[in-house]
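Tertiary structure, described
What follows is the residue order along each chain.
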Amino acid sequence: MAVQLWLRIVVRDRDYATVVLTPGASPLIGRDESANDIVLHDPGVSRMHVRIACRGDQYFVQDLGSTSGTFVDGKRVDRDVLLHGGEQIELGGCVLRAVVRPWTHRDEDADDPTYVERRTR
């Protein structure tokens with residue numbers, strides 16, 4: 001069964017957005033609008049900071065040589081880190097909260113108040 005990764009983006013203790021990755025998506029995250037799928041306007045985030053890599057039904061965090069580093073549950077990422085769901089990914093002043101769940105169609109999530117239709121390629 002295919003899975004989705006939901007990333008709730010929290011900036012300075014405030015919910016900013018929820019991004020839903022469709023199965024197979026491997027977005028780049030960083031400050032540069034022209035180079036990233038998810039853009040975070042935070043001075044602590046590098047131009048190209050991190051990739052969420054999808055391999056089969058698993059998602060991994062890959063730091064892209066960022067200046068300030070990427071942390072998963074408080075531990076610095078120095079190699080690919082598998083996401084099981086529930087992790088906190090920290091980049092600069094931003095936190096991404098990961099939820100891994102079975103893939104669903106948008107209509108099935110229409111009643112979920114946290115759902116934002118913002119999918120990446």
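Below or above, wherever it landed, is the structure these notes cover. (Residues numbered from 1 in each chain as written. Predicted model: local features only at pLDDT ≥ 70, side-chain atom pairs only at ≥ 80, totals over all residues. Heavy atoms only, no water.)

**Digging into the overall build of the protein chain**
For the record, the criterion: Only runs of H or I of at least four residues qualify as helices and only runs of E of at least two qualify as strands under DSSP, and these elements are numbered from the N terminus. Note on classification: 1.4 Å probe, protein chains only; a residue is buried when its accessible area is under 20% of the maximum for its type, exposed when over 50%, partly exposed between these limits. Residues are treated as being in contact if the distance between any of their heavy atoms lies within 4.5 Å. For accessible areas, the Shrake-Rupley method is used with a probe of radius 1.4 Å. Any residue's cover is judged against the shown protein chains and nothing else.
Counting secondary structure elements, the protein chain contains 0 helices and 12 strands. Order of helices (α) and strands (β) in the protein chain, N terminus to C terminus: β-β-β-β-β-β-β-β-β-β-β-β. Expressed as a percentage of its 121 residues, the buried residues of the protein chain come to 42%. Residue pairs at least 24 apart in sequence account for 43% of intrachain contacts in the protein chain once pairs closer than 6 positions are excluded. Accessible surface computed for the protein chain: about 6700 Å², of which carbon and sulfur atoms make up 47%.

**A word on the sheet that holds strand E6 (residues 58-63)**
Selection criterion: Here, a strand pair is defined by DSSP locating no fewer than two bridges between the strands.
Reading across the sheet, the 5 strands line up as E4-E3-E5-E6-E9 and stay open at both edges, with mixed pairing between neighbours. Both edges of this open sheet fall to strand E4 (38-39) and strand E9 (81-83), since each of them pairs with a single strand only. Relative to strand E5 (residues 50-55), strand E3 (residues 28-30) is paired through 2 bridges, and the arrangement is antiparallel. Bridge pairing links Leu28 to Arg51 in E5.

**Here we look at the nonpolar core**
Basically, it comes down to this: Among buried residues, the Ala, Val, Leu, Ile, Met, Phe, Trp, Tyr and Cys ones that are joined through side-chain atoms within 4.5 Å form a nonpolar core.
One finds Leu7, Ile29, Ile52 and Ile89 to be the most contacted residues of the largest nonpolar core, which totals 24 residues. Those elements that place two or more of their residues in this core are strand E1 (3-11), strand E2 (14-21), E5, E6, strand E10 (88-91) and strand E11 (94-102). A per-element tally of this core places E1 first, with 4 residues. With sequence-adjacent residues up to four places away left out, Ile52 is seen in contact with Leu5, Leu7, Leu21, Ala25, Ser26, Pro27, Ile29, Tyr59, Phe60, Val61 and Ile89.

**With respect to the pairing of E11**
Alignment of E10 against E11, held across 4 bridges, turns out to be antiparallel. Bridge pairing in E11 links Gln88 to Arg97. Here E10 hands over to E11 after 2 residues, with Gly92 in that stretch at a positive phi of 55 degrees.

**Notes on the pattern of salt bridges**
The line we're drawing: The term salt bridge refers to a side-chain nitrogen of Lys or Arg lying within 4 Å of a carboxyl oxygen of Asp or Glu.
Evaluated as defined, the whole model comprises 2 salt bridges. Where Asp32 meets Arg47, a salt bridge forms, and the shortest distance between an N and an O atom there is 3.4 Å. With Asp32 in the loop between E3 and E4 and Arg47 in the loop between E4 and E5, the pair connects residues that are 15 residues apart, well separated along the chain. Assessed through its relative accessible area of 16%, Asp32 is described here as buried. Asp80 is the partner of Arg55 in a salt bridge, and the nearest nitrogen-oxygen pair spans 2.4 Å. Of the two residues, Arg55 is situated in strand E5 and Asp80 in the loop between strand E8 (75-76) and E9; the sequence distance between them amounts to 25 residues. Given the relative accessible area of 39%, Arg55 is considered partly exposed.

Keep in mind these numbers describe shape, not what the thing actually does.
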